[in-house]
Amino acid sequence: MNSIAPEVPVVLTLSSQDPSGCTGIQADIETCMSLGCHCTPIVTALCARDTRAVKESVPVAVSFLIEQVRAILDDMPVKAIKLGYLGPVSHIEAVHTILQEYRDIPVVLEPVTQLAQAPKSELQASRDATKSLLLPLATLMTPDVVEAHELAQQGDTLDACAQEILEHGGEHLLITGTRRTQEHYENRLYGRKGLIREYQWQRLNVLSHGGGATLSASIAAYLAHGLRLLDAVEQGQNFTWHALSASRQLGMGHSIPNRLFWADRNHTGKRGPGGGC
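Residues numbered from 1 in each chain as written. Predicted model: local features only at pLDDT ≥ 70, side-chain atom pairs only at ≥ 80, totals over all residues. Heavy atoms only, no water.

Colleague: Hey, could you run me through the overall build of the protein in this one?
Modeller: On a plain count of helices and strands, the protein comes out with eight helices and 10 strands. Computed over the C-alpha atoms, the radius of gyration of the protein is 18 Å, within 12% of the 19 Å expected from 2.2 N^0.38 for a compact globule of 277 residues. Dimensions of the protein along its principal axes, counting C-alpha atoms only, are 60 × 45 × 40 Å. Long-range pairs, those at least 24 residues apart, make up 68% of the contacts in the protein with a sequence separation of at least 6. As presented, the protein carries roughly 13200 Å² of accessible surface, and 51% of it is formed by carbon and sulfur atoms. Seen as two clouds, the 23 positive and the 29 negative side-chain charges of the protein have centres 6 Å apart. (Helix = DSSP H or I, 4+ residues; strand = E, 2+ residues; numbered from the N terminus. Rg over C-alpha atoms; globule rule 2.2 N^0.38 Å. Contact = heavy atoms within 4.5 Å. Areas by Shrake-Rupley, 256 points an atom, 1.4 Å probe, with all protein chains shown as cover. Lys, Arg positive; Asp, Glu negative; His and termini not counted. Charge placed at Lys NZ, Arg CZ, Asp CG, Glu CD.)

Okay, here's the thing in structure tokens:
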């Protein structure tokens, strides 16, 4: 007879498969595991990439994407959903249709619309579909400054970009890298009524790739544990800062965030100075 195990929060994540382990599904799995959640990873695209760049990416068939997602949602009590790179417009439309049926599950959207070189028309179509179909369903969006400007091309300031993005729907927006100095790195959290909080973190002297995936997955994990959004956002940034500070140079390109930093005896365990203000 199977013993009853204590409940482990399940996080459904959708993203590309990154064989280098920097970002994508690998980042989601490691982050969720590190934070005491069970990750159910859905592969949206297969990639040939190393720690320097993407060589090629191939999206999975949309029918197979739907089958992967349905299999998990029909079987397991998902507590949070993280959306990373989805691929072509057909994938975005399919995910939109499915999420309409699960409006009670918090959704963290990392709006990645490009992995490898693609025609501008395709990129713009993906961005438009993301804005019209995914933003309205998101509990939180986590673009960096570049992605925010891509989603809000009329905005001439970050505050204007935030307003334009949130006009498409969605509840909250965390823009990362809003200000950089030699000492600090700033993120801003917005709600529908404007700026909620600014976060300032010690700037790290590492060239890592995968911070965005780690941040969005960690916030989803904390939401799955039942934290309030503001607490999940702050804890997710703290986790990401530590993972980046413990990054390891395993290839000839970017360093890889160490999402199991707490198991590393050499990690100092200090929190990045700064925080909400």
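And the narrative resumes.
Colleague: Hey, could you run me through the state of the cysteines in this one?
Modeller: Throughout the structure, instances matching the rule amount to zero disulfides. This cysteine, Cys22, is not joined by any disulfide, and Cys47 carries the nearest cysteine sulfur, 12 Å off. With relative accessibility at 0%, the residue Cys22 sits in the buried group. In this model Cys39 remains outside any disulfide bridge; the closest cysteine sulfur is found in Cys32, 4.3 Å from its own. Judged by relative accessible area, which is 11%, Cys39 ranks as buried. (Disulfide = S-S within 2.5 Å. Buried < 20%, exposed > 50% of the residue type's maximum accessible area, 1.4 Å probe, protein only.)

Colleague: Honestly, the pattern of salt bridges in this entry has me stumped. Any pointers?
Modeller: Oppositely charged side chains may form a pair once their charged atoms are brought near each other. All told, the structure shown has 15 salt bridges when counted by the stated rule. Here Lys82 makes a salt bridge to Glu110, at a shortest N to O gap of 3.4 Å. Taken together, the positions of Lys82 in strand β4 (residues 78-83) and Glu110 in the loop between β5 (107-109) and α4 (120-134) put the pair 28 residues apart, joining distant regions of the chain. Accessibility assignment for this pair places Lys82 and Glu110 in one class, buried. (Salt bridge = Lys/Arg side-chain N within 4 Å of Asp/Glu carboxyl O.)

Colleague: Would you mind going over the pairing of strand β7 (residues 172-180) with me for this structure?
Modeller: A regular strand carries its side chains on alternate faces of the sheet. Relative to β7, strand β6 (residues 140-141) runs parallel, the two sharing two bridges. The residue of β7 that forms the bridge with Met141 is Leu173. As judged from the seven bridges shared by β7 and strand β8 (residues 184-191), these two strands associate in the antiparallel manner. Across the sheet, residue Arg180 finds its bridge partner in β8, namely Tyr185. Where β7 hands over to β8, the hairpin turn is made up of three residues, counted between the paired strands. (Pairing = 2+ DSSP bridges.)

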